[in-house]
Amino acid sequence: MTHKLLAYATYRPHYTLPRSVVNAALTGVARGSGERTVAGYDEDAVSMAVAATRRLGAGVRSADQLYFGTATSPLLDKSCSLIVHAASSMHDRAFTLDVTGLRAGFGVLKSASTTGGVAAMADMRTGRPGSAVELEGGDGAAAFLFGEGADAVAEVLGSASVPMEVMDAWRVPGTSHALVGEDRFVDHALGRAVREVVSEVAKATGQTDPPTTSVVSTLNRRLAGALAASIRPDGFTDVQAVHRETTGYCGAADIGLLLADALDAAVAGDTVLAVSAGGGADALLLRALKDGPLAGVGGAGRRRPPGEAIGYYQYLTWRGEIGREPARRPARPSVAPPPSFRDSDWKFGLVGSECLECGKVYLPPQRVCRCGAVDEVRPFPVADLTGTVVAHTTDGVSDSPNPPSLAALVDFGTTGRLLLEVADARPSEITDGTEVEMTFRRTYAVDGVPNYFWKARPKNRSSK
Ligand SMILES: [Zn+2]
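Residues numbered from 1 in each chain as written. Predicted model: local features only at pLDDT ≥ 70, side-chain atom pairs only at ≥ 80, totals over all residues.

## A closer look at the packing of helix 7 (residues 221-231) against helix 8 (residues 239-246)
How we decide: The angle between two axes is taken between their N-to-C directions and runs from 0 to 180 degrees, where each axis is a line fitted to C-alpha atoms and a helix contributes only its stretch in contact. Runs of E in the DSSP output that reach at least two residues are strands. Runs of H or I that reach at least four are helices, and both are numbered from the N terminus. An angle below 35 degrees is read as roughly parallel, one above 145 as roughly antiparallel, one from 65 to 115 as roughly perpendicular, and any other as oblique. A pair of residues counts as a contact when their C-beta atoms, built from backbone coordinates, are within 7 Å of each other. Polar here means any residue outside two lists: the nonpolar Ala, Val, Leu, Ile, Met, Phe, Trp, Tyr, Cys and Pro, and the charged Asp, Glu, Lys and Arg; Gly therefore counts as polar.
Direction vectors running N to C along helix 7 and helix 8 enclose 170°, while the axes themselves pass 10 Å from each other. It follows that helix 7 is roughly antiparallel to helix 8 by the angle criterion. Here R221, A224, G225 and A228 of helix 7 come into contact with helix 8, specifically with Q240, A241 and R244. Counted by class, the contact of helix 7 with helix 8 contains 3 nonpolar, 2 polar and 2 charged residues.

Take a look at the structure:
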């Protein structure tokens, strides 16, 4: 049984690294076109998955399953899907599952389309400096909500898989650099797998006409383009080309970003074939039930508003490739499990309280109101609200990896205000009156263990 696609969303980080900047730093020649996306120093697969999942809207809260796919989980043993679940304000009886590796993106899509629920996928691609993995990689996230509903975006027609044990991509535990196999061998093996899976999905669905749009997610950009064109030579839009030029291959999240971009450009009735090529090939065929937001814009891929380009040394620092001297400040405290568990709704969900007697809002939540009422409260969710900066400050001596750090007092039009760090902005971009949205971030890590909380960022970043 398959469910319908009710909503989808993507998240691409604010920062980009132009390929010419990498080549200029390494070779002295600024060659190479386009750019890749780069997660901020305070982002990881979990925080980006939260950003995409929350963009799915209110339907997420009643979903019964959450599948989280990534090849760069910030913690092992512990289920990071639980963090995504808590920070997405899903109901407290949902089943959650982590799926790992580059094929995890397709895995969560197929699982959620079968059982209903949320497929969230996020990844960061890190290769050796100057490698194709680094230059052609990208960071990002996508999320899909499957279920029953009259207002569906697309229907799933079917899927097929051709698993193939092949050393095409791997990473040794404890290392950060993704490694890939020899091009010609991998091209040959995956090319065969894709031809077979396209034939299988046609058999499984009875859809013998070529799909209106096909997207192929695989490490090698040239191979991805050739394979997509071979499936539908005359229907090849530039969705995939734009994605590879301005975002890059986003690991486990790549298939989701491509599928979302293809649905954006689709009109009702179009069929979209999403193929994940790696370790064989997997394919999912959908039919759009609605026109996408970019339908009629010439089939163009998602044209992102320009992000902020960073320098290569800044990128290497954020990725931990360069161990720069930290600011001499007192050590941060480790994540304390008891208060983190006790205050989970606040820490992960950013849910305050509102007094039922007098209406006063408390951020963080309080059981006792100054009006005298005790335990007369209801939840007051803030994460989806837009706030206004009423005061701000710049701190040039903090230990931020991206100094100066910014902080803002944010007003939500209620009695409660919040003092928050500001993400994705330079000091000149924050003034009193700036509209901000909430964003779940990795505030710092102690001995590699991340601590998460919410920050504010300019509202106009949200269109990506
Ligand atoms: Zn009160």
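## So, the pairing of strand 13 (residues 280-288)
Operational definition: Think of it as a crowd count around each C-beta: if 20 or more other C-beta atoms lie within 10 Å the residue is buried, if 12 or fewer it is exposed, and in between it is partly exposed, with C-beta placed from the backbone throughout. Each pair of strands is called paired provided DSSP finds at least two bridges between the two strands.
In terms of burial, strand 13 is largely enclosed, as 8 of its 9 residues are buried. Bridge count between strand 12 (residues 271-277) and strand 13: 7 bridges; the pairing is antiparallel. In the strand pairing of strand 13, A274 is matched with L284. From the end of strand 12 to the start of strand 13, which pair antiparallel, there are 2 residues, and G279 there has a positive phi angle of about 60°.

## Notes on the domain arrangement of the protein
Test applied: An automatic or database domain assignment supplies the start and end points of every domain.
Under the domain assignment, the protein is made up of domain 1 (4-318) and domain 2 (337-461). On a C-alpha basis, the centres of domain 1 and domain 2 stand 30 Å from each other. Between domain 1 and domain 2, the contact holds 17 residues from the first and 17 residues from the second. The set of elements that each furnish at least two residues to the side of domain 1 that touches domain 2 consists of helix 2 (45-54), helix 3 (81-87) and helix 10 (312-318). No other element matches the 4 residues that helix 2 contributes to the side of domain 1 that touches domain 2. Per-class residue counts for the side of domain 1 that touches domain 2 are 8 nonpolar, 5 polar and 4 charged.

## Digging into the nonpolar core
Note the cut-off: For this entry, the nonpolar core is defined as buried Ala, Val, Leu, Ile, Met, Phe, Trp, Tyr and Cys residues connected by C-beta atoms within 7 Å.
Among the nonpolar cores identified, the biggest contains 125 residues, and A49 and A120 are the most heavily contacted of them. Inspection of this core shows a minimum of three residues originating in each of domain 1 (4-318) and domain 2 (337-461). When neighbours within four sequence positions are excluded, A49 is seen to be in contact with F68, V84, A120, M121, A122 and A141.

## Focus: the sheet that holds strand 15 (residues 351-355)
Here we have 3 strands laid out as an open sheet, ordered 16-15-17, and antiparallel in their pairing. Every interior strand has two partners, whereas the edge strands, strand 16 (361-362) and strand 17 (377-381), have only one. Note that strand 15 and strand 17 share 5 bridges and pair antiparallel. Residue pairing in the sheet places E354 in a bridge with R378 of strand 17.

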